[in-house]
Amino acid sequence: MPERRLNQPREQQANAELGHTDVSAPVKVMLVTVFLTTIFSVPLVQVVAEWRGEVPDNGRAGGLFAPQIFDVFKQAPTLDHFTRYEHELEDRSVVGHWILPRMQRVLMALGVGNDSTLLGQDGWLFFADDVNHLAGRAFLSEDVLLSRARAGDHTQDAVQPDPVKAIVHFKQQLAERDIELVIVPTPLKPQLYPEKLTPRYDPERVPLRNPSYASFHERLSAAGVTVFDPAPLLAQHKREGAIDPVYLRTDTHWTPPAMQAVAASLVEHLKAHGPSLPEPPEPVEYRTREVEHTSRGDIFHMLTLPDGVDAGYPAETVTLRQVLPAIGMDDADEAVGETVAPFEIEARIDEITRPPRPGTVAYRDALVSLFLTDVEAVDGREVDTELLIYTFGMRDNEWTSAARLERGQRVRLWIEPWQQVEGDYGAIQRTDITDHLEALMAREYWGHLQPPDDAEQAPGERYWSPDRDADVLLIGDSFSNIYSGEALGWGRSAGLAEQLSLLLQRPVDTIIIDGGGAVAGRRQLAADIARGRDRLDGKRLVIWQFANRELSQGDWALIDLPKHQQDQDAQAAGTR
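Heads up: these notes are all about the structure in this document. (Residues numbered from 1 in each chain as written. Predicted model: local features only at pLDDT ≥ 70, side-chain atom pairs only at ≥ 80, totals over all residues. Heavy atoms only, no water.)

1. Quick look at the environment of valine 378
Checked against the element boundaries, valine 378 lands in the loop between β10 (366–377) and β11 (387–395). Taking the relative accessible area as the measure of exposure, valine 378 reaches 41% and is therefore partly exposed. As for valine 378 and glutamate 344, which are separated by 34 residues in sequence, their C-alpha atoms are 5.6 Å apart. Excluding residues that lie within four positions of it along the chain, valine 378 makes contacts with Glu344, Ile345, Glu346 and Arg412. (Helix = DSSP H or I, 4+ residues; strand = E, 2+ residues; numbered from the N terminus. Buried < 20%, exposed > 50% of the residue type's maximum accessible area, 1.4 Å probe, protein only. Contact = heavy atoms within 4.5 Å.)

Shown next, in the form of structure tokens:
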């Protein structure tokens, strides 16, 4: 090679060599054709799928059809709108959701999961965020806190990263109302089963901890916060073989016996160290029923494999202890008579949220929110002219007819007060209408697009449901909800709240949201109080359960709870 070529920068050499590459005319035509076909076939397939109604909210309005690609012109050209538009394109991509499951199957054959899932040994799966929490740096170190606090950008807000600060702040607000707080930082599967990830770990040396956990516990105890840590109890049950296994193999959550053991130990702890709870004003009796339930876990569904492919991770069967009200047939009619039976309405859809695309999230059920206007009851009864309705948008990982409802469309459906069914559906993942003031103030109902069918429930039988008037409030995430909410696929009426209610022999109120245990429950509590539904009224104890991954990954925003109504009245009287 000539000396002058050796002295040329690499970029100039590459340009010179590429510039002298000879390509025949047929090859040029073929390459251009393949390139253009690839580029244009993807949006063409997407438009056809939207036209055929295979994608929810497919752009039909007033009988006209506008492909999703034109949605970019419907909003102001801001960075937030462009980012949201890009994410929606990805979520609703027909081609992408056909290719990804098949690529995932190939990767698993090579022993690789994905960015959310790690393949363990002996048929175990692990959530990557759980492992990252344990393997990551100390979450209370100054540099980590500073880095996370500065991590916000144009696509997301910065977080408040210090869990101690948020928990103490919450405790102080509760203490102003003479309410005690107990937190339950819930251990993660790799804390108890690291040997299923790699044989280098000694299964006897569990639970594993993030380096900051000991400091976290000490600082909370010094601030007077009661911490109930289930990890040592579960590690003991695992070592002794009393509960095998303690966690589900293909799911992030604990098994029913492990959860029940934690509930029993927590109740004993409350009796010894918690507030003195008065006897319920009326005797509360429950009965239990053991039922088997078979399912695959949320981590398995994160793999988004093709339908019918289990890749060597079979379904698991668990035995649930369902908690049911001890109500006899003679009392059934009276109990039903206290509720408002579903009634039919007609209304116009003023606003509607979208459900996730099936296969894109771990949860197989999801709710949509509809803000209805021009509401009229079919039977002529008086009803508000504006209502907020929740209903299934995705059911068993398939869209329902509600996923294809459109803004401006008139709809007929059966509704019943949300408070009557919140215990059954309140914890299922849903997208709320948050930027519509009228919707935020509207009365809430559960909606059925078809006449409700209660055939699955025996006559007179009711499942356990939370009680707004209870003096105990459980704020939790999916660890509380795993055997309560049908959306998680592991049965109902057998979760942590139900077990606590059974063991305490008293009703329990709940605010359980599957994700965001660091902040979601407190935000919902503040929103309820602001809307005039004071969830803390009459409470003596708040139990706050959250997954340990939240300590290093959650947003621990300081949520200021609205003032108690009596405090507002006193303040108003003092200013007169």
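2. Comments concerning the pattern of salt bridges
Evaluation of the coordinates by the stated rule reveals 24 salt bridges. The closest approach of N and O atoms between arginine 177 and aspartate 534, which form a salt bridge, is 2.8 Å. Taken together, the positions of arginine 177 in the loop between α8 (163–175) and β5 (180–186) and aspartate 534 in the loop between α19 (520–530) and β17 (541–547) put the pair 357 residues apart, joining distant regions of the chain. With its nearest N and O atoms 3.1 Å apart, the salt bridge here joins arginine 348 to aspartate 350. Under the relative-accessibility criterion, arginine 348 is labelled partly exposed at 28%. Each of Glu444, Asp509, Asp528, Arg531, Arg533, Arg535 and Lys539 takes part in salt bridges that share partners, so that together they form one network. (Salt bridge = Lys/Arg side-chain N within 4 Å of Asp/Glu carboxyl O.)

3. What to know about unusual backbone geometry
With an omega dihedral of 10°, the bond running from valine 206 to proline 207 counts as a cis peptide bond. Within the fold, proline 207 resides in the loop between α9 (189–192) and α10 (213–222). Cis geometry is found at the peptide bond from aspartate 244 to proline 245, where omega equals -5°. Relative to the assigned elements, proline 245 resides in the loop between α11 (231–240) and α12 (256–273).

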